[in-house]
Amino acid sequence: MGFRLPTIRRASVTSSQAASKSVEVPKGYLAVYVGEKQKRFVIPISYLNQPSFQDLLSQAEEEFGYDHPMGGLTIPCSEDVFQQMASRLNGQ
């Protein structure tokens, strides 16, 4: 028997804001929810290798564990901080 990856479930969309957006995420990208209003961002998976993003993931694990009911990762920082970090990562 070989190694098996867990099956990825599609999130059910419940909020009207999330319902207006596509649930699909393009190949090579990841959906994350940021800030108090849980704004959805679709980011490249290459961010996962970046130390600054890994710090955010550690904070998310401490605050939320592995339960992310929105179907994507919930990142515990303000939208402004996240957008600044994403801008820096895009410039690399």
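Residues numbered from 1 in each chain as written. Predicted model: local features only at pLDDT ≥ 70, side-chain atom pairs only at ≥ 80, totals over all residues. Heavy atoms only, no water.

Another aspect to go through is the overall build of the chain. Each helix and strand in the chain was counted, giving three helices and three strands. Mapped in sequence order, the helices and strands of the chain form the string α-β-β-α-β-α. In the chain, which comprises 92 residues, the share counted as buried stands at 24%. Accessible area of the chain: about 7000 Å², with a carbon and sulfur share of 52%. (Helix = DSSP H or I, 4+ residues; strand = E, 2+ residues; numbered from the N terminus. Buried < 20%, exposed > 50% of the residue type's maximum accessible area, 1.4 Å probe, protein only. Areas by Shrake-Rupley, 256 points an atom, 1.4 Å probe, with all protein chains shown as cover.)

Moving on, we come to the packing of helix 2 (residues 51-64) against helix 3 (residues 79-90). For any two helices packed against each other, one specifies the crossing angle of their axes together with the interaxial distance. The geometry of helix 2 relative to helix 3 is characterised by a closest axis approach of 10 Å and an angle of 150 degrees between their N-to-C directions. If you check the angle between helix 2 and helix 3, you find them roughly antiparallel. Residues Ser52, Phe53 and Leu56 of helix 2 form the contact with helix 3, whose own contacting residues are Phe82, Met85 and Leu89. Tallied by class, residues from the contact of helix 2 with helix 3 come to five nonpolar, one polar and no charged. (Axes fitted to C-alpha atoms, helices over the stretch in contact; angles between N-to-C directions. Parallel < 35°, antiparallel > 145°, perpendicular 65-115°, else oblique. Contact = heavy atoms within 4.5 Å. Nonpolar A, V, L, I, M, F, W, Y, C, P; charged D, E, K, R; others polar.)

Here we take up the environment of Ala60. Tracing the chain through its elements places Ala60 in helix 2. A relative accessible area of 4% means that Ala60 is categorised as buried. Excluding anything up to four places from it in sequence, Ala60 contacts Gly65, Thr74 and Pro76.

This part is about the environment of Leu89. Structurally, the position occupied by Leu89 is in helix 3. The buried category is assigned to Leu89, whose relative accessible area is 9%. In sequence terms Leu89 and Ser52 are 37 residues apart; their C-alpha atoms lie 8.8 Å from each other. In contact with Leu89, not counting residues within four places along its chain, are Tyr47, Gln50, Ser52 and Phe53.

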